[in-house]
Amino acid sequence: MLVDVRTYQVKPGKLTQELDLYAKHGLAAQIRHLGAPLAYLHAESGDLNTMVHLWTFEDAADRACRRASMMADPEWLNYLKLADEAAYLEGQRNSLMVPASFAPIKR
């Protein structure tokens, strides 16, 4: 299993708007291609204005295939356009990780 850990920094005061935009215009398309996220979180303390979401894949090839399919979806492309226009995000960091053998992820 491969876990795509995505961390986004949101402009201060814009987290609610970003979550609403994604829920209305991006979530359905992303789930259609990637499946449900393992987690979709936002900070309550620490690095405020931060969102983290985790997506699971069989391996790197599965991830590449599903993400390519999503990037060809007009609904997802519309969300990306709306998100770009809204400009709520300040930064993004991705990490591809694998679970430790003693702590497998059950899906």
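Criteria and cut-off values
Residues numbered from 1 in each chain as written. Predicted model: local features only at pLDDT ≥ 70, side-chain atom pairs only at ≥ 80, totals over all residues. Heavy atoms only, no water. Pairing = 2+ DSSP bridges. Helix = DSSP H or I, 4+ residues; strand = E, 2+ residues; numbered from the N terminus. Axes fitted to C-alpha atoms, helices over the stretch in contact; angles between N-to-C directions. Buried < 20%, exposed > 50% of the residue type's maximum accessible area, 1.4 Å probe, protein only. Contact = heavy atoms within 4.5 Å. Patch = residues over 30% accessible without salt bridge, like charges linked within 9 Å, V, L, I, M, F, W, Y side chains within 5 Å. Areas by Shrake-Rupley, 256 points an atom, 1.4 Å probe, with all protein chains shown as cover. Salt bridge = Lys/Arg side-chain N within 4 Å of Asp/Glu carboxyl O. Phe/Tyr/Trp six-rings, centres within 6.5 Å; stacked < 30°, edge-to-face > 60°.

Chemist: A description of the sheet that holds strand S4 (residues 89–97) should follow, citing residues and the corresponding values.
Modeler: Across the sheet, four strands lie side by side as S2-S3-S1-S4; this open sheet has antiparallel pairing. What marks the edges here is a single partner per strand, and that holds for strand S2 (39–42) and S4. Taken pair by pair, the neighbouring strands of this sheet meet at an average axis angle of 15°, ignoring direction. Alignment of strand S1 (residues 2–10) against strand S3 (residues 50–57), held across eight bridges, turns out to be antiparallel. Counterpart to Tyr8 in the pairing with S3 is Met51.

Chemist: Requested: an account of the environment of Leu19, with residues and values cited.
Modeler: Residue placement: Leu19 occurs in helix H1 (residues 15–25). When its relative accessible area of 22% is taken as the criterion, Leu19 is described as partly exposed. For Leu19 and Phe57, which are 38 residues apart along the polypeptide, the C-alpha to C-alpha distance reads 23 Å. Discounting chain neighbours no more than four positions away, the residues touching Leu19 are Tyr40, His42 and Met51.

Chemist: Tell me about a nonpolar patch on the surface, residues and numbers included.
Modeler: Together, Met71, Leu77 and Leu80 make up an exposed nonpolar region whose accessible area comes to about 230 Å². Position of Leu77 among the secondary structure elements: in helix H4 (residues 74–86). Under the relative-accessibility criterion, Leu77 is labelled partly exposed at 39%.

Chemist: So, the packing of aromatic side chains: which residues are in play, and what are the values?
Modeler: All chains considered together, the criterion is met by three aromatic pairs. On the numbers, 5.7 Å between centres and 75° between planes, the contact of Tyr22 with Tyr79 is edge-to-face. Remark: Tyr79 occurs in helix H4 and Tyr22 occurs in helix H1; sequence separation between them is 57 residues. Residue classification places Tyr22 among the buried residues on the basis of a relative accessible area of 5%. Classification of Tyr79 by relative accessible area gives buried; the value is 6%. Taking 5.0 Å as the distance between ring centres and 40° as the angle between the ring planes, the aromatic pair formed by Trp76 and Tyr79 counts as tilted. Highlighted residues: Trp76 and Tyr79, both in helix H4, separated by three residues, approximately one helical turn. Judged by relative accessible area, Trp76 falls into the buried class, the value being 7%. Ring-pair connections join several aromatic residues into one group, and the members of that group are Tyr22, Tyr40, Trp76 and Tyr79.

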